[in-house]
Amino acid sequence: MYQLATPHPLWAQVKTWEEQRRIFIQAVDQEKWIVGFLVFLLDVFIGFVVLLMLVLLVIEKTRDIGILLALGAKPRGIVWIFLSQGLLVVGLGAILGLAGGYIFIRNINHLHDSIFALTGLRLFDPEIYQMDRIPTTVSASEVILSISPR
């Protein structure tokens, strides 16, 4: 009985695009998780900075708080002053951060081209990434996830 050592040349394997680019897709998924983890660390760091800022504000205003209490202000009112100030800082920071991030995402290809024109350095080389433009998407679910409390 005769057997072919190699597959017959007329036989073909059919693979999907995802199967052909499996390693590339895994690399992109891994990079996405790494970026997500870095954003999480950044969120935690920013949260501690805001907390520290508010604690230092209370420490610096201890004398003013004492004067307000001596004049008859209620402790609940004083707490509300600091709480509303903290909410204002966090809310304004979130709005400015979202707006800045959206502007950055919309202009990332122009920025990439400008960096290349000025320095000759390609941050995302088309030879490696096999893309001539950096693909960008902004989805509401990812935005909500990024600003929601952990």
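Structural data are supplied above this passage.
Residues numbered from 1 in each chain as written. Predicted model: local features only at pLDDT ≥ 70, side-chain atom pairs only at ≥ 80, totals over all residues. Heavy atoms only, no water.

### Some remarks on the overall build of the chain
Broken down by element type, the chain carries seven helices and zero strands. Order of helices (α) and strands (β) in the chain, N terminus to C terminus: α-α-α-α-α-α-α. Since a compact globule built from 150 residues should have a radius of gyration of about 15 Å, the 27 Å found for the chain marks it as more spread out than a globular shape. Principal-axis analysis of the C-alpha atoms places the extent of the chain at approximately 105 × 45 × 25 Å. Going through the 150 residues of the chain one by one, you find that 7% of them count as buried. Positive and negative side-chain charges of the chain, numbering 12 and 12 respectively, have mean locations separated by a distance of 10 Å. (Helix = DSSP H or I, 4+ residues; strand = E, 2+ residues; numbered from the N terminus. Rg over C-alpha atoms; globule rule 2.2 N^0.38 Å. Buried < 20%, exposed > 50% of the residue type's maximum accessible area, 1.4 Å probe, protein only. Lys, Arg positive; Asp, Glu negative; His and termini not counted. Charge placed at Lys NZ, Arg CZ, Asp CG, Glu CD.)

### Re a nonpolar patch on the surface
On the surface, Ile34, Phe37, Leu38, Phe40, Leu41, Val44, Phe48, Leu51, Leu52, Val55, Leu56 and Ile59 cluster together to form a nonpolar patch covering roughly 1100 Å² of accessible area. Take Ile59: it is sitting in helix α2 (residues 22–60). Residue Ile59 is classed as exposed on the basis of its relative accessible area of 54%. (Patch = residues over 30% accessible without salt bridge, like charges linked within 9 Å, V, L, I, M, F, W, Y side chains within 5 Å. Areas by Shrake-Rupley, 256 points an atom, 1.4 Å probe, with all protein chains shown as cover. Salt bridge = Lys/Arg side-chain N within 4 Å of Asp/Glu carboxyl O.)

### So, the packing of aromatic side chains
Across all of its chains, the model carries zero aromatic pairs by this definition. For the cation-ring pair, Arg122 lies above Phe116, with the distance from its terminal atom to the ring centre recorded as 3.9 Å. (Phe/Tyr/Trp six-rings, centres within 6.5 Å; stacked < 30°, edge-to-face > 60°. Lys NZ or Arg CZ within 6 Å of the ring centre and 35° of its normal.)

### Things to note about the environment of Ile34
Note on placement: Ile34 falls in helix α2. When its relative accessible area of 45% is taken as the criterion, Ile34 is described as partly exposed. It is 41 Å that separates the C-alpha atoms of Ile34 and Lys61, two residues lying 27 residues apart in sequence.

### Details of the pattern of salt bridges
Scanning all chains against the criterion turns up three salt bridges. Put simply, Glu142 and Lys32 hold a salt bridge, and the shortest N to O gap is 3.9 Å. Pair noted here: Glu142 is in helix α7 (residues 140–147) and Lys32 is in helix α2, with a separation of 110 residues, a long-range link. According to the relative accessible area criterion, Glu142 is partly exposed, its value standing at 41%.

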